[in-house]
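Coordinates in review
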Amino acid sequence: MEPTSEVVMARPAPVLGAFIDRYVGYRMVGFAPGLHRGLPSRHMTFIVGIGHTIDVIAHTDPAQSPGAYRGVLSGLQASNALIAHDGYQEGIGIELTPLGSRALFGMPAAELWDTTVESAHVLGPPGARLWERLQSTTRWSRRFAVCDEVLGDLVRPDRVVGPELTWTWQRIVRSGGTVRIGGLAAGIGWSRQHLTRRFDQEFGLRPKLASKITRFERARRMLGDAPSYSTIAQVAAVCGYYDQAHLNRDFAELAGTSPTMWLAEEIPSVQDEPGFAG
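Structural notes, computed from the coordinates. Counting of residues starts from 1 at the beginning of each chain's written sequence and follows it residue by residue. A pLDDT threshold of at least 70 governs which residues receive local features in this predicted model, and a stricter bar of 80 or more applies before side-chain atom pairs are shown or counted, although totals over entire chains, interfaces and linings include all residues. Here the side-chain values reflect all heavy atoms present in the structure, with hydrogen atoms and water set aside.

Moving on to the overall build of the protein. A run of H or I in DSSP counts as a helix once it spans at least four residues, and a run of E counts as a strand once it spans at least two, with each numbered from the N terminus. Looking only at helices and strands, one finds 11 helices and 10 strands in the protein. Put simply, the radius of gyration uses C-alpha atoms, and a globule should come to 2.2 Å times the residue count raised to 0.38. Taking 2.2 N^0.38 as the reference for a compact globule, 278 residues should give roughly 19 Å; the C-alpha atoms of the protein span a radius of gyration of 18 Å, in line with that estimate. Residue exposure (1.4 Å probe, protein chains only): buried if accessible area is under 20% of the type maximum, exposed if over 50%, otherwise partly exposed. A burial count over the protein gives 51% of its 278 residues as buried. Residue contacts are counted whenever heavy atoms from the two residues lie within 4.5 Å of one another. Of all intrachain contacts in the protein linking residues separated by at least 6 positions in sequence, the fraction that spans at least 24 positions is 73%. For the protein, the distance from the average site of its 28 positive side-chain charges to the average site of its 28 negative ones is 7 Å. In summary, the charge assignment counts Lys and Arg as positive and Asp and Glu as negative, without counting His or the chain termini. Every charge is mapped to an atom, namely NZ of Lys, CZ of Arg, CG of Asp or CD of Glu.

In structure tokens form, the structure reads like this:
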């Protein structure tokens, strides 16, 4: 069978727009069985499988045992997970920002840092209902509507991240991970130490690491999208790295491989689509 892939994207309903950037439906058929790297990004991992389970054989936390998930939910992470596939993958990736963890789940994103769980264990009955309804729906537009309905019912507008940390997170993301931490602290009138402590308590990592992950994510997307005449050094310069060696070091730390090896090994994946990172 000739390998085929399909990716369909949609924005969530307005009630979810402040917490979910977009939905990404994916179907990949006919590829050779293999492994996919789940890479760090500025989004929490929230993927609901359709048809097949999502088989995580190596988690970001080495102490966590491999598992098969109907829906995967993870906090932010600073290393890669390994997902096995048999050549067929289908599901919906939900680009959930860490700002949405409180509004949807009633907990700070920090509680899921470097941890993977079955999504229904956090969402409760709505999580099981989301999976069940997606299995019996074939049209992408209807699948996205199901996500809107189930997740929209979970939103509690009074459970939100405070304005200082919301602004700080958004500034890091919009800068592509290049904004200075001292400038962020000054922007909200906090000391750098107080910002670091509060940021870590809310999101599970420090602002400096969040910036590194955001910068890495931008570079990874650019490498995947770049024309053949673009070089890794050019991508490094655009994304704010000191040089290509700096980019290579961050790739080794966060992806567990080099940019060249990642480009050679990775099959087309939902994470590689423009604008998706989760």
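Being paired, for any two strands, means DSSP has found at least two bridges between them. If you walk across this open sheet you meet the four strands as β3-β8-β5-β6, and the pairing is antiparallel. One side of each edge strand has no neighbouring strand; the edge strands of this open sheet are β3 (34–38) and β6 (67–69). Averaged over all pairs of adjacent strands, the angle between their axes in this sheet comes to 35 degrees, without regard to strand direction. Relative to strand β8 (residues 81–85), strand β5 (residues 54–58) runs antiparallel, the two being bridged by three bridges. In the sheet register, Asp55 faces β8, and the bridge partner there is Ala84. To get an axis, a line is fitted to the C-alpha atoms, and for a helix only the part in contact is used. The angle between two axes follows their N-to-C directions and goes from 0 to 180 degrees.

With that settled, consider the nonpolar core. Within the largest apolar cluster, 62 residues are counted, with the highest numbers of intra-cluster contacts made by Phe46, Leu104 and Leu151. In terms of residue count, the dominant contributor to this core is helix α4 (residues 140–152) (six residues). Ignoring sequence-local partners within four residues, the contact set of Phe46 consists of Val72, Leu73, Ile92, Gly93, Ile94, Leu96, Phe105, Ser119, Leu123, Leu130 and Leu151. Nonpolar core, defined: a set of buried Ala, Val, Leu, Ile, Met, Phe, Trp, Tyr and Cys residues in which side-chain atoms within 4.5 Å join the residues together. Counting 10 residues, the second largest nonpolar core, distinct from the first, contains Tyr26, Ile54, Val72 and Ile83.

In this section: the packing of aromatic side chains. Stacked, edge-to-face and tilted are the three classes for Phe, Tyr and Trp ring pairs, Trp counted by its six-membered ring, which pair at centre distances within 6.5 Å; planes under 30 degrees apart are stacked, over 60 edge-to-face, the rest tilted. By the definition in use, this model includes eight aromatic pairs. Ring geometry for Phe46 and Phe105: centres 6.3 Å apart, planes at 70 degrees, overall edge-to-face. Of the two residues, Phe46 is situated in strand β4 (residues 45–49) and Phe105 in helix α1 (residues 100–105); the sequence distance between them amounts to 59 residues. In terms of burial, Phe46 and Phe105 fall into one category: buried. Relative to Phe203, the ring of Phe199 lies with its centre 4.7 Å away and its plane at 65 degrees, an arrangement referred to as edge-to-face. Taken together, the residues span about one helical turn, with Phe199 and Phe203 both in helix α7 (residues 192–203) at a distance of four residues. Classification of Phe203 by relative accessible area gives buried; the value is 0%.

Moving on: the sheet that holds strand β7 (residues 71–74). Strand order across the open sheet formed by six strands is β1-β2-β9-β4-β7-β10, with antiparallel pairing between neighbours. In this open sheet, the two strands that pair with only one neighbour each are β1 (4–10) and β10 (116–118). Ignoring strand direction, the axes of neighbouring strands in this sheet form an average angle of 20 degrees. Here strand β2 (residues 20–29) runs beside strand β9 (residues 89–96); their pairing, made up of seven bridges, is antiparallel. Looking at the pairing, Ile20 lines up with Leu96 of β9.

Below, the discussion takes up the pattern of salt bridges. What counts as a salt bridge is simple: a side-chain nitrogen of Lys or Arg found within 4 Å of a carboxyl oxygen of Asp or Glu. Applying the stated criterion across every chain, the model contains 12 salt bridges. A salt bridge links Arg27 to Glu6; the shortest N-O distance between them is 2.2 Å. One end of the pair, Arg27, is in strand β2; the other, Glu6, is in strand β1, and 21 residues separate them in sequence. What makes Arg27 partly exposed here is its relative accessible area of 24%.

Before going further, it helps to examine the pairing of β4. Remember that side chains alternate between the two faces of the sheet whenever the strand is regular. Taken across its five residues, β4 has five buried, putting it largely inside the fold. Here β4 shows no split at all, with Thr45, Ile47 and Gly49 on one side and Phe46 and Val48 on the other all buried. Sheet analysis places β4 next to β7, joined by four bridges and oriented antiparallel. Directly across from Phe46, in β7, lies its bridge partner Leu73.

Between the first and last residue of a helix there are one fewer steps than residues, each counted as 1.5 Å, and that sum is the expected span. Between the first and last C-alpha of α7 there are 16 Å, a value that for 12 residues agrees with the 16 Å anticipated at 1.5 Å per step. Residues of α7 that are buried include every one of Leu195, Thr196, Phe199, Glu202 and Phe203, and no others. Buried residues of α7, seen end-on, are gathered within an arc of 140 degrees and therefore sit on one face of the element. At the C-terminal side of α7, Gly204 shows a positive phi close to 95 degrees. Each direction from the helix axis to a C-beta atom contributes to the arc, which is the arc of those directions.

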